Amino acid sequence: MKSGANFYLFNSRIATHVVFWMLYYVLFGLIWVGEEGYLASFYLEFLLLPIRILAVYVTIYFLLPQFLLKKKYLKFLLGYGIVLLVGGMLQRVFIHLFYEELLLNNSSSGFFSIMMLVRSIVLINTTVLFILAIKLFQLWVLEHEKNEGLEGEILEIRSNRKTHRVPVSDILYVEGLGNYVTYHLSDKSKITSYGSIKAALALLPDNFRRVHKSYIVNKVHIKAYDAVTIDVQDNAIPRGKSVSDEVLLN
């Protein structure tokens with residue numbers, strides 16, 4: 001299903017990012033102008049922008065999908081703390097070497113202090129959290145649109161000489177046994193139909209995952225999982241050894 005939401009200028013992610021960082025650079029160059037004037041302010045922002053961009057992209061394209069979206073909160077916080085610490089230290093090095101000494105010819109401020117490091121970390125953290133919030137909102141909108149579409153999607157299942165019209169959002173999981181498949185529904189009813197598990201999967205939307213040779217699950221209804229089983233409502237579904245977390249959830 002194609003999403004109706006479009007978050008990118010000119011339908012281009014690259015163009016959107018370029019425009020955003022250009023506006024960010026100009027805005028903060030104007031905001032943080034001090035006694036040294038606009039030239040020094042824009043020069044400083046030019047020095048620090050790559051560090052902030054790197055911190056943002058490591059967070060939203062690595063830490064977010066690898067840890068936060070998988071509910072590995074401790075690993076996310078640890079990784080995020082490392083990003084902020086390394087970014088803050090790099091930012092302080094750049095400020096001292098290329099701004100205070102090179103441009104201002106002032107080495108009396110000292111290379112390192114706790115307060116300067118904390119200030120650098122706070123500035124990076126503000127930028128990263130702002131963009132992370134935008135990214136999370138984007139993911140929420142896309143997921144919301146997808147779920148809305150699924151609510152109106154109907155699957156027709158032939159069983160006992162009848163055609164059952166079932167909303168796909170009501171299907172918890174599908175169980176295969178020989179030449180028959182059983183659809184387990186959210187109201188705890190079952191519909192058994194002639195066919196293969198492979199053919200059943202082909203008729204279902206992409207939020208259904210084949211997690212075992214005999215089982216398909218609707219990932220929307222997954223309550224918990226480990227390396228062996230997947231909990232769907234009150235049912236423990238066996239999980240194949242080859243099914244990774246990425247295949248299961250993404």
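Our subject is the structure that appears above.
Attention in this report is confined to the structure presented alongside it.

What counts and how
- Residues numbered from 1 in each chain as written.
- Predicted model: local features only at pLDDT ≥ 70, side-chain atom pairs only at ≥ 80, totals over all residues.
- Heavy atoms only, no water.
- 1 Å grid on protein atoms, 1.4 Å probe; cavity = no way out; pocket = protein on both sides within 12 Å on 5 of 7 lines; lining within 4 Å.
- Points joined across faces, edges and corners; volume = space filled by probe spheres on them.
- Helix = DSSP H or I, 4+ residues; strand = E, 2+ residues; numbered from the N terminus.
- Nonpolar A, V, L, I, M, F, W, Y, C, P; charged D, E, K, R; others polar.
- Pairing = 2+ DSSP bridges.
- Axes fitted to C-alpha atoms, helices over the stretch in contact; angles between N-to-C directions.
- Salt bridge = Lys/Arg side-chain N within 4 Å of Asp/Glu carboxyl O.
- Buried < 20%, exposed > 50% of the residue type's maximum accessible area, 1.4 Å probe, protein only.
- Phe/Tyr/Trp six-rings, centres within 6.5 Å; stacked < 30°, edge-to-face > 60°.
- Core = buried A, V, L, I, M, F, W, Y, C linked by side-chain atoms within 4.5 Å.
- Contact = heavy atoms within 4.5 Å.

### Focus: the layout of surface pockets
- By volume, the largest pocket amounts to about 870 Å³.
- At 8 residues, helix 4 (residues 114-151) tops the list of elements feeding residues into the lining of the largest pocket.
- In terms of residue class, the lining of the largest pocket is built from 11 nonpolar, 3 polar and 6 charged.
- Taken as a whole, the second largest pocket spans an internal volume of roughly 430 Å³.
- Around the second largest pocket, the lining comprises 20 residues; the ones closest to its centre are Leu44, Ile95, Tyr99, Arg119 and Leu123.
- When contributions to the lining of the second largest pocket are tallied by element, the ones reaching two or more residues are helix 2 (38-68), helix 3 (73-101) and helix 4.
- No other element matches helix 2, which puts 6 residues into the lining of the second largest pocket.
- Broken down by class, the residue content of the lining of the second largest pocket amounts to 10 nonpolar, 4 polar and 6 charged.

### With respect to the sheet that holds strand 8 (residues 222-225)
- In spatial order, the strands read 8-9-10; together these 3 strands make up an open sheet with antiparallel pairing. Looking at which strands have only one partner, the edges of the open sheet turn out to be strand 8 and strand 10 (235-238). The sheet shows a mean angle of 30 degrees between the axes of neighbouring strands, direction not considered.
- Bridging between strand 8 and strand 9 (residues 229-232) involves 3 bridges; their strand directions are antiparallel. Bridge pairing in strand 9 links Ala224 to Asp231.

### Quick notes on the pattern of salt bridges
- Throughout the structure, instances matching the rule amount to 5 salt bridges.
- Residues Glu246 and Lys70 are paired through a salt bridge, measuring 2.5 Å at the closest nitrogen-oxygen approach. Of this pair, Glu246 sits in helix 6 (residues 245-249) while Lys70 sits in the loop between helix 2 and helix 3, placing them 176 residues apart in sequence.
- Overall, the relative accessible area of 10% leaves Lys70 in the buried class.
- Across the pair Asp245 and Arg239 runs a salt bridge, and its minimum N-O distance is 2.7 Å.

### Details of the packing of aromatic side chains
- The tally for this structure, following the rule as stated, stands at 13 aromatic pairs.
- Taken together, Phe20, Trp21, Tyr24, Phe28, Tyr57 and Tyr61 form an aromatic cluster joined through their ring pairs.

### Quick look at the pairing of strand 1 (residues 154-159)
- Burial of strand 1 is one-sided: the residues Leu155, Ile157 and Ser159 facing one way are buried, the residues Ile154, Glu156 and Arg158 facing the other way are not.
- Relative to strand 2 (residues 162-167), strand 1 runs antiparallel, the two sharing 6 bridges. Residue pairing for strand 2: Ile154 is matched across the bridge by Pro167.

### Thoughts on the nonpolar core
- Membership of the largest hydrophobic core comes to 19 residues, with the highest contact counts inside it found for Trp21, Val56, Leu63, Phe76, Ile124 and Val128.
- Ranked by residues supplied to this core, first place goes to helix 2 with 9 residues.
- Residues within four places of Val56 in sequence aside, it is in contact with Trp21, Thr127, Val128 and Ile131.
- Residues Tyr183, Leu185, Ile197 and Phe208 belong to the second largest nonpolar core, which totals 15 residues.

### Considerations on the sheet that holds strand 7 (residues 215-218)
- Pairing is antiparallel across the open sheet formed by 5 strands, whose spatial order is 5-4-3-7-6. Whereas interior strands pair on both sides, the edge strands pair on one side only; in this sheet they are strand 5 (190-194) and strand 6 (208-212). Strand after strand, the sheet turns through a mean of 20 degrees between neighbouring axes, direction not considered.
- Of the pairings in the sheet, the one linking strand 4 (residues 180-185) to strand 5 comprises 5 bridges and is antiparallel in character. Directly across from Thr182, in strand 5, lies its bridge partner Thr192.

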